[in-house]
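# Survey of secondary and tertiary structure
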Amino acid sequence: MRRIAILASGTGSNARKIVEHLQDNEFVEVVLIASNRKSAKVLDMASDHSIATTVITRSDFYQSESFLNQLRELDVDWIVLAGFLWLVPSNLISAYPNRIVNIHPALLPAYGGKGMYGINVHKAVKDNNDNVSGMTIHLVNENYDDGAIIFQGRTDIDPSDSPEDIAAKVLKLEHKYYPKVIEGMVMAQPKLTTSKKYF
Ligand code: GAR
């Protein structure tokens, strides 16, 4: 069984789609949903599905191994970011090499980097009068929105589309592709070996 932890800061509509999609897969399981916000809706969704939850503080995440230890205790093989707004620290990146995945609501490398999240991204796309946008699924490294691109999905933008309209089109693409891309990546790799997890 490959075991996934999802990290999310907000609503968690992508997290929900992933959980629902993987319910039918006997080889992959979401075992933890972590958030940096204790009021995040994603935590209610996790409880509805009887998935363990945790709220991470800045000091847990950046100044200790406590979150990493939690992942090890749960035998987590993959980390999936779904609307998670904190930069991932290097201890997690070295413990999970090429096994941390993020989704971004634009066609990277355009509209990436610090501060480029949620509606900010779609406002910038609108301000530039772009006629296409989309979503990017990529591996995570030490910089925001910078790791190797795995998959991109595109959508046309109409000149009359508001940033909210663009957001809705992009979110639809995210829901369509993210669960399947994650499933494909996870199924294509063996479990993370103990040596990688512990050294
Ligand atoms: C998604 O659109 C995701 O691409 C974006 O946050 C949204 C979360 O929605 N992520 C970023 O902007 C990361 N830079 P959700 O909570 O409904 O899944």
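Residues numbered from 1 in each chain as written. Predicted model: local features only at pLDDT ≥ 70, side-chain atom pairs only at ≥ 80, totals over all residues. Heavy atoms only, no water.

Attention now moves to the nonpolar core. Ranked by size, the top nonpolar core spans 38 residues in total, and within it Ile 4, Ile 6, Ile 18, Val 30, Ile 33, Val 42 and Tyr 178 carry the most contacts. The leading source of residues in this core is helix α7 (residues 163-188), at eight residues. If we ignore the near neighbours within four places in the chain, the residues touching Ile 4 are Leu 22, Val 28, Glu 29, Val 30, Val 31, Leu 32, Val 76, Trp 78, Val 80, Ile 182 and Val 186. Within the second largest apolar cluster, 23 residues are counted, among which are Ala 5, Leu 32, Phe 67 and Ile 79. (Core = buried A, V, L, I, M, F, W, Y, C linked by side-chain atoms within 4.5 Å. Buried < 20%, exposed > 50% of the residue type's maximum accessible area, 1.4 Å probe, protein only. Helix = DSSP H or I, 4+ residues; strand = E, 2+ residues; numbered from the N terminus. Contact = heavy atoms within 4.5 Å.)

The next subject is unusual backbone geometry. Cis geometry is adopted by the peptide bond preceding Pro 109, which originates at Leu 108 and carries an omega value of 10°. Residue placement: Pro 109 occurs in the loop between β5 (100-104) and α6 (119-127). Located in the positive-phi region is Ser 50, a residue other than glycine, with phi close to 55°. Note on placement: Ser 50 falls in the loop between α2 (41-48) and β3 (52-55). The class of Ser 50 is exposed, set by a relative accessible area of 69%. Located in the positive-phi region is Asp 75, a residue other than glycine, with phi close to 60°.

We now examine the site of the ligand. Near the ligand lie 13 residues; those nearest to it are Gly 12, Ser 13, Asn 14, His 104 and Glu 174. Here an oxygen atom of the ligand and a backbone polar atom of Gly 12 are 2.7 Å apart. Between a nitrogen atom of the ligand and a side-chain N or O atom of His 104, the distance comes to 3.3 Å. For the ligand, whose accessible area on its own is 450 Å², the fraction buried by protein is 86%. Mapped onto the shell around the ligand, the elements with two or more residues apiece are α1 (13-22) and β5. A per-class count over the shell around the ligand returns four nonpolar, seven polar and two charged. (Near = heavy atom within 4 Å. Polar contact = N/O pair within 3.5 Å; in protein donor to acceptor, adjacent residues only side chain to side chain. Areas by Shrake-Rupley, 256 points an atom, 1.4 Å probe, with all protein chains shown as cover. Nonpolar A, V, L, I, M, F, W, Y, C, P; charged D, E, K, R; others polar.)

Mapping Lys 38 onto the fold places it in the loop between β2 (28-35) and α2. When its relative accessible area of 72% is taken as the criterion, Lys 38 is described as exposed. Taking C-alpha positions, Lys 38 is 36 Å from Asp 156, a pair spaced 118 residues apart along the chain. In this structure Lys 38 touches Leu 43 and Val 55, once residues within four positions along its chain are discounted.

This part is about the packing of α6 against α7. Two quantities define a packed helix pair, namely the angle between the axes and the distance from one axis to the other. Orientation of α6 relative to α7, taken along the N-to-C sense of each, is 115°, at an axis distance of 8 Å. When the axes of α6 and α7 are compared, the crossing they make is right-handed. The segment α6 lies against α7, with Ile 119, His 122, Lys 123, Val 125 and Lys 126 engaging Pro 163, Glu 164, Ile 166, Ala 167 and Val 170. Partitioning the contact of α6 with α7 into residue classes produces six nonpolar, one polar and three charged. (Axes fitted to C-alpha atoms, helices over the stretch in contact; angles between N-to-C directions. Left-handed = near helix turned anticlockwise from the far one by under 90°.)

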